[in-house]
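Take a look at the letters that make up each chain.
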Amino acid sequence: MNIILLGAPGSGKGSTSEQLISRKGMTQLSTGDLFRKNIAEKTALGLEAQKFMNAGKYVPDEITNGMVEDYLQTNHDNLVFDGFPRTRAQAEALDKMLEKLGTKIDKVIYLHVDEEVLFDRLTGRLICPKCKRSYHKITRKPQVEWICDFDGAELVTRPDDAPDKIATRIDEYNNLTATLINFYQAHGKLVILDVNGLSVEAIYFDIEEVLN
Ligand code: AMP
């Protein structure tokens, strides 16, 4: 089974993916993480993507789709798509890629969070560079300040979580991604979850109910 987590930046797609990995053995395909890995390794793709990411803008569809298509050649089942697709062209390309591989998207779960909450979540976000778990400076503090509870790595902030970048990212989402809610509704695959104020565990149990 393959699922897409759809939602604005800061809606909890990454934390929800973590739950689906640890409790259901799914594999996360996060295009943001793949780009960050390429940036860290200074690949040509990473250097190109970095220009857009640093500005809070989307990486062009051809680059993003190409990277996903490569990934899917080795792994295309039991996936949680986190942060992909983000445009209509990506959604259509994904359907074609999966069809060629004899598989498909089964469900699209839209995590709805009120927009005023997103900004606070992102400006306070801390990330473990090793295991990718996320924390929050005020609402989800690690046990030891700036240290990951799970692997002891020093937490970092994401450069695109700076306030001016967040505004651009939310605009990109509203202009280019929100339309995918209608796209997947028309395909009969959409499930809307209002996750305002819910813990990551509560969100997971809601999703489990939907998937069962
Ligand atoms: P994320 O980690 O999902 O928040 O993504 C971080 C950044 O990576 C985004 O703001 C974009 O610049 C870029 N990115 C990730 N996924 C995509 C995508 N599907 N399409 C275009 N750009 C993306």
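Quick caveat: nothing in here was measured; it's all calculated off a predicted structure.

Peer 1: Mind laying out the packing of aromatic side chains, listing which residues take part and the relevant values?
Peer 2: Using the criterion set out here, one finds three aromatic pairs in the structure. Measuring from centroid to centroid gives 6.5 Å for F81 and F84, while their planes differ by 35 degrees, and the two rings are tilted. The class for F84 is buried, based on a relative accessible area of 1%. Their ring planes at 90 degrees and their centres at 4.9 Å tell us that F183 and Y184 sit as a pair that is edge-to-face.

Peer 1: Talk me through the site of the ligand; I want residue IDs and the actual numbers.
Peer 2: In the vicinity of the ligand there are 16 residues, among which T31, R36, K57, G83 and R86 approach most closely. Take K57: an N or O atom from its main chain is 2.7 Å from an oxygen atom of the ligand. One of the side-chain nitrogen or oxygen atoms of Q90 is found 2.9 Å away from a nitrogen atom of the ligand. Coverage of the ligand by the protein chains reaches 96% of its 490 Å² of free accessible surface. Sort the elements by how many residues they give to the shell around the ligand and helix α2 (residues 31–40) lands first, with four residues. For the shell around the ligand, the residue count by class is five nonpolar, five polar and six charged.

Peer 1: Give a detailed account of the sheet that holds strand β4 (residues 107–112), specifying residues and quantitative values.
Peer 2: Across the sheet, which stays open at both edges, the five strands sit in the order β2-β3-β1-β4-β7 with parallel pairing between neighbours. Only two strands of the sheet have a single partner each, and these edge strands are β2 (27–30) and β7 (190–194). On average, each strand axis in the sheet is inclined to that of its neighbour by 25 degrees, with strand direction left out of account. For β2 and strand β3 (residues 79–82), the ladder comprises four bridges, and the chain directions are parallel. Looking across to β3, one finds that T27 is bridged to L79.

Peer 1: Lay out the state of the cysteines in plain terms, naming residues and giving numbers.
Peer 2: Enumeration according to the criterion identifies zero disulfides in this entry. Of all cysteine sulfurs, the one in C131 lies closest to C128, which takes part in no disulfide; the gap is 3.7 Å.

Cut-offs applied
- Residues numbered from 1 in each chain as written.
- Predicted model: local features only at pLDDT ≥ 70, side-chain atom pairs only at ≥ 80, totals over all residues.
- Heavy atoms only, no water.
- Phe/Tyr/Trp six-rings, centres within 6.5 Å; stacked < 30°, edge-to-face > 60°.
- Buried < 20%, exposed > 50% of the residue type's maximum accessible area, 1.4 Å probe, protein only.
- Near = heavy atom within 4 Å.
- Polar contact = N/O pair within 3.5 Å; in protein donor to acceptor, adjacent residues only side chain to side chain.
- Areas by Shrake-Rupley, 256 points an atom, 1.4 Å probe, with all protein chains shown as cover.
- Helix = DSSP H or I, 4+ residues; strand = E, 2+ residues; numbered from the N terminus.
- Nonpolar A, V, L, I, M, F, W, Y, C, P; charged D, E, K, R; others polar.
- Pairing = 2+ DSSP bridges.
- Axes fitted to C-alpha atoms, helices over the stretch in contact; angles between N-to-C directions.
- Disulfide = S-S within 2.5 Å.

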